[in-house]
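What follows is each chain in one-letter form.
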Amino acid sequence: MTLFRPLATALAIALSLTGGAAMAQNGPLRIEITEGVIEPLPFAVPAFSGGSKVANDITRLVAADLSGTGLFREIPSSAYISQVSSFDAPVAFNDWKAINAQALITGAVTTSGNQVTVKFRLFDVFAGQPLGDGLQFTGTADTWRRMAHKVADAVYSRITGEGPYFDSRVAFVAESGSKAARQKRLAIMDYDGANVQYLTDASALVLAPRFSPQGNQILFTSYASGFPRINVMNAANLQTRSLDQQPGTMTFAPRFSPNGRTVVFSLEQGGNSDLYTLDTQSGQRRQLTNSPSIETGPSFSPDGSQITFESDRSGTSQIYVMSANGGEARRISAGDGRYNTPVWSPRGDLIAFTKQSEGRFHIGVMRTDGSEERLLTSSFLDEGPTWAPNGRVLMFTRESAGADGAAALYSVDISGRNLKRVPTPGAASDPAWSPLLP
Amino acid sequence: MTFLPKALMLVAVLGLAACNNPNRFGAGGANAYGANGGAGGAGGYGAGGVGTSALGSASDPNSVAYFQQTLGDRILFAYDQSTVSDEGRQILQGQAQWLNAHPQYAVIVEGHADEKGTRDYNLALGARRASSAQDFLISQGVTPSRIRTVSYGKERPAETCSAESCYAQNRRAVTVLQSGAGS
C-alpha cells in the first residue's frame, strides 16, 4: 500500500495559449482571502468534454473543491446560455457575462487504456481573456481525484494568489468503541475525506500523527510497548520503528524539523516533561529545556531556526518561542486562559493554537510575537490545529460532550470563515495535514 | 449502571471467573476493571499480570480485591493539580503497607486526567500524578524498582459524563497490581 500514488506524469505540459498569461498577479479576477466578509466569486465549470463518467466526476470534484472553500460559488448549469462545444472552440464571453460567471473553467478528459489525461483552461470572463496558461495532467484512472484536485488547485491559486492545498492528504486517528475504552487506529485520507486507508490495527492506542516535510514518513505516539513512545512509520511500506526505547521514560508529542532530519519531542522522566531533539540519522539526543514544569507541543518555524512550544512554567500553560538549539525562551501568549498546541504556519507568519478559557475551547491564531491574537472557533472541546500546506486553512479536532460524546474533524479558514466538518467514516481526531503532494 | 455489563465482559475476557459475587462490582469495582482493561487493551502489558491473578474477596486482606476495593487502588486530584491530598495520603499509606507485606507484587501506577485539557498536556499531567503517587509509595518504604508509572492522559476516563462529578473521578492515579513481577 502506498500513501501517495504518483501521477504518472504530473503537471506535464503547458499547452500553448495566446496572450493574457500575466493576468495572475494584477488582473481584475482576484480574491483577497484575508479580507473580512467577502462575496463568493461566481464561476462556471461546464462538464469537461469527453463524455465519460470520469470526465463528469472530475468536473464535479473541481467544482466541489472550489465551492468548498466558501470563496467561490458555482453557477448551476441550468443557468447556462452557452454550451462549450469543444475544448478548443472560441469562448462566447458575452454568454457567460450575461449569467455573471466571473470565472469560466473549461476542460477535456481523454482516456487511453488505464491512462487519463485532463486538460483545462481558466478564463477571466469580464476581461475576455484566459487567466494563465492551460495545463494538462496525466495519470492512471485511479488517480482521477488527484487530477481534479490539481485542476482546482491551479484555479484557486491563480484567482487568490495563495498557494494550492487541495492535492494533499490528512493523517488522523480513527476512533471507535466506548468513551472509557476508545479504540484508536492510525488512518489517512485525502484532504476532503476520500480514499480512507487504515495504517494500524486497534491493538495499541495511537495518538497524534505528524507528517515529515516530504510526506514520506509519519511520526506518532503508540502504546504498543505498554507505555507511550514515539514511533515513525515509513509511508510507502508502513514499516514502523520506535524512536526512543529508554526504560522508565515516556516520549510523546513528536514533530519533524523542516529538513526532516531532526525530531523534536517531549520526554517524561520522574513526572517531569522536557523537550528534546533526536537526530534521526546519528541517533544523537539533545535536551532543549530543563525545567520542573511541563514542556510539550513543540513545533519548528519553517526555516528551522526556532521552536514554539507550550509550558506551564508560569503556573498555567502558555506559548513560548526559543531557538531550535534550546536556551532561553520568551513567552508570546498574553491573554487570559490556558494556551496549548502551538503550531507554526508553513508560511511562517502565524502560530495556531488551542486556547482554553472560561470552560470553552478555541482554535486561534496569533503572529509569531504573540500579537494580533484572533480566536476562530469556540466549542465544548476544540483542540490540535494543523495547517493546510498553504497556511490559509486549519483542521482540528472537535469533541462533543457527554458519555456519548465523539470526536470529529473540522476545518476553518484563518479568517474564521467557512467552519465545516470534514467527512470521516466514523469518529476521528488528531488530524495532521500533509505537505502538498508532488 | 451502564458499566456493569462491560465489567462482566472484561471479567470474562480476563478469565476471572473465580469472582463469585458479581454484585460486588459497583462503581469502584467497575472502575478498577475499566482501568485494567484499558491498559491491557492499549498495550497488553497486563497480560502476564492482572490477567492471571485471582481477585479473591475484598474481605480477604491478601487478595487483589482487598487492595482495589477495601484499601482503594486510586487517589484523586484537583483540577490541573498533581499534589497528593490528605485523603490520597491515607490511601497510599494503606497501599504501601500492603505492598510491603506482599513483596510478590509489583505495581504500575497509571496517571489520568479529565477531558478538559489538550491531549499532550494531559499526558504530561497524568505522568505528574503517577509520579506523585510513586514518590509517596517510595517514601513509605516500597522499593522503587517495584513501581513503574504510565500516563494515559485523557484517553481512559473512569467515568464518561462531561460534568465535574465525573471529572473528579477521572483526575486520578491508579495503582495496578502486577503479580509475579515483584523484586
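Cut-offs used in this document
Residues numbered from 1 in each chain as written. Chains lettered and ligands numbered in written order. Predicted model: local features only at pLDDT ≥ 70, side-chain atom pairs only at ≥ 80, totals over all residues. Helix = DSSP H or I, 4+ residues; strand = E, 2+ residues; numbered from the N terminus. Buried ≥ 20, exposed ≤ 12 C-beta atoms within 10 Å, placed from the backbone. Pairing = 2+ DSSP bridges. Axes fitted to C-alpha atoms, helices over the stretch in contact; angles between N-to-C directions. Core = buried A, V, L, I, M, F, W, Y, C linked by C-beta atoms within 7 Å. Domains from an automatic or database assignment. Contact = placed C-beta atoms within 7 Å. Nonpolar A, V, L, I, M, F, W, Y, C, P; charged D, E, K, R; others polar. Expected span 1.5 Å × (residues − 1). Parallel < 35°, antiparallel > 145°, perpendicular 65-115°, else oblique. Left-handed = near helix turned anticlockwise from the far one by under 90°. Arc of directions from axis to C-beta.

Trainee: What is the right way to read the overall build of chain A from this model?
Mentor: Per the secondary structure count, chain A includes four helices and 31 strands. Judged by the C-alpha coordinates and their principal axes, chain A covers about 75 × 45 × 45 Å. Each of the 438 residues in chain A was classed as buried or not, and the buried ones make up 50%.

Trainee: Honestly, the sheet that holds strand β2 (residues 105-112) of chain B in this entry has me stumped. Any pointers?
Mentor: The strands that make up a sheet pair up through hydrogen bonds in the backbone, lying either parallel or antiparallel. Residues and elements named next belong to chain B. Read across the open sheet, the four strands follow the order β1-β4-β2-β3; overall the sheet is mixed. Strand pairing shows two members of the sheet lacking a second neighbour, β1 (74-76) and β3 (147-153), which therefore form its edges. Sheet twist, expressed as the mean angle between neighbouring strand axes with direction ignored, is 20°. Sheet topology note: the β2/β3 ladder contains six bridges and is parallel.

Trainee: Is there a simple way to explain the nonpolar core in this structure?
Mentor: Residues and elements named next belong to chain A. Ranked by size, the top nonpolar core spans 150 residues in total, and within it Ile58, Val62 and Ala103 carry the most contacts. Split by domain, the residues of this core number at least three in each of domain 1 (9-160) and domain 2 (169-433). Non-local contacts of Ala103, meaning those with residues more than four positions away in its chain, are made with Leu29, Leu41, Phe43, Leu122, Phe123, Asp124, Val125 and Ile159.

Trainee: Which parts of the structure should I look at to understand the interface of chain A and chain B?
Mentor: How large an interface is tends to be reported as the accessible area lost when its parts come together. Each side of the interface is counted separately: chain A has 37 residues, and chain B has 29 residues. Counting only elements with at least two residues in the side of chain A that touches chain B, the list comes to β11 (206-211), β15 (249-256), β16 (262-269), β19 (295-300), β23 (338-344) and β27 (382-387) of chain A. Broken down by element, the residue count for the side of chain A that touches chain B peaks at three residues, all from β15(A).

Trainee: Would you explain the domain arrangement of chain A in this entry?
Mentor: Residue and element names in this part refer to chain A. Its domain assignment divides chain A into domain 1 (9-160) and domain 2 (169-433). The straight-line distance from the C-alpha centre of domain 1 to that of domain 2 is 35 Å. Contact residues are listed per partner, giving five residues for domain 1 and seven residues for domain 2. By residue class, the composition of the side of domain 1 that touches domain 2 is one nonpolar, three polar and one charged.

Trainee: What is the right way to look at helix α5 (residues 119-139) of chain B in this model?
Mentor: Residue pairs three or four apart in sequence face the same way in an α-helix, which turns once every 3.6 residues. Residue and element names in this part refer to chain B. Helix length check: α5, at 21 residues, gives a terminal C-alpha distance of 30 Å against a target of 30 Å (1.5 Å per residue), a fit within 8%. Where burial is concerned, most of α5 is hidden: 18 out of the 21 residues are buried. Downstream of α5 by a residue or two, Gly141 has a phi angle that is positive, lying close to 100°.

Trainee: Got a minute to help me understand the packing of helix α3 (residues 64-72) of chain B against helix α4 (residues 86-101) of chain B in this structure?
Mentor: Think of two packed helices as two axes; the pair is described by the angle between the axes and how far apart they sit. All names here are of chain B. It is the contact of α3 with α4, at a shortest axis distance of 10 Å, that shows an interaxial angle of 150°. With respect to α4, the element α3 is oriented roughly antiparallel. In the packing of α3 onto α4, the handedness of the crossing is right-handed. Counted together, Phe67, Leu71 and Gly72 of α3 and Ile91, Gly94, Gln95 and Trp98 of α4 form the full contact between these two elements. Tallied by class, residues from the contact of α3 with α4 come to four nonpolar, three polar and no charged.

Trainee: What is the right way to look at the environment of B:Val150 in this model?
Mentor: By the element assignment, B:Val150 lies in strand β3. For B:Val150, a count of 25 C-beta atoms within 10 Å puts it in the buried group. Taking the C-alpha atoms as reference, B:Val150 lies 27 Å from B:Pro61; in sequence the two are 89 residues apart. In contact with B:Val150, other than residues within four places in its own chain, are A:Gly226, A:Phe227, B:Ile108, B:Glu110 and B:Ala130.

Trainee: Whenever I open this one, the pairing of strand β4 (residues 103-112) of chain A confuses me. Can you help?
Mentor: A regular strand places its side chains so that they alternate between the two faces of the sheet. All names here are of chain A. As paired strands, strand β2 (residues 41-44) and β4 are joined by two bridges and run parallel to one another. Bridging from a neighbouring strand, Ala44 pairs with Leu104 of β4. For β4 and strand β5 (residues 115-124), the ladder comprises 10 bridges, and the chain directions are antiparallel. Pairing of Gly107 across the sheet is with Phe120, part of β5. Taking the residues that link successive antiparallel strands as the turn, the β4-β5 hairpin has two residues, and the phi of Gly113 there is positive, at about 60°.

Trainee: For this particular structure, what's the right way to read α4(B)?
Mentor: Residues and elements named next belong to chain B. Look at α4: 23 Å from first C-alpha to last across 16 residues, which is about the 22 Å you get at 1.5 Å a residue. If you check which residues of α4 are buried, you get Gly88, Ile91, Leu92, Gln95 and Leu99. Looking down the long axis of α4, one finds its buried residues gathered within 95° of arc, a one-sided arrangement. In α4, the exposed positions angled more than 90 degrees off the buried face are occupied by Asp86 and Ala101. Summarising the contacts, the buried residues of α4 are in contact with α3, β1, β2, α5 and β4 (172-179).

Trainee: How should I be thinking about unusual backbone geometry in this particular structure?
Mentor: A negative phi holds for most residues other than glycine; trans holds for most peptide bonds. Even without glycine at this site, A:Asn195 takes up a positive phi of about 55°. Of note, A:Asn195 is situated in the loop between β9 (183-190) and β10 (197-198). Phi at B:Asp80 is positive, roughly 60°, even though this residue is not glycine. As for its placement among the helices and strands, B:Asp80 is situated in the loop between β1 and α4. The class of B:Asp80 is buried, set by 20 C-beta atoms lying within 10 Å.

Trainee: Can you help me understand the packing of helix α2 (residues 53-68) of chain A against helix α4 (residues 144-160) of chain A in this one?
Mentor: Residue and element names in this part refer to chain A. Following both chains from N to C, one finds α2 and α4 inclined at 45°, their axes separated by 8 Å at the closest point. Between α2 and α4, the interaxial angle falls into the category oblique. The element α2 and its partner α4 pack so that their crossing is right-handed. For the pair α2 and α4, the contacting residues are Val54, Asp57, Ile58, Leu61, Val62, Asp65 and Leu66 in the first and Trp144, Arg145, Met147, Ala148, His149, Val151, Ala152, Val155 and Tyr156 in the second.

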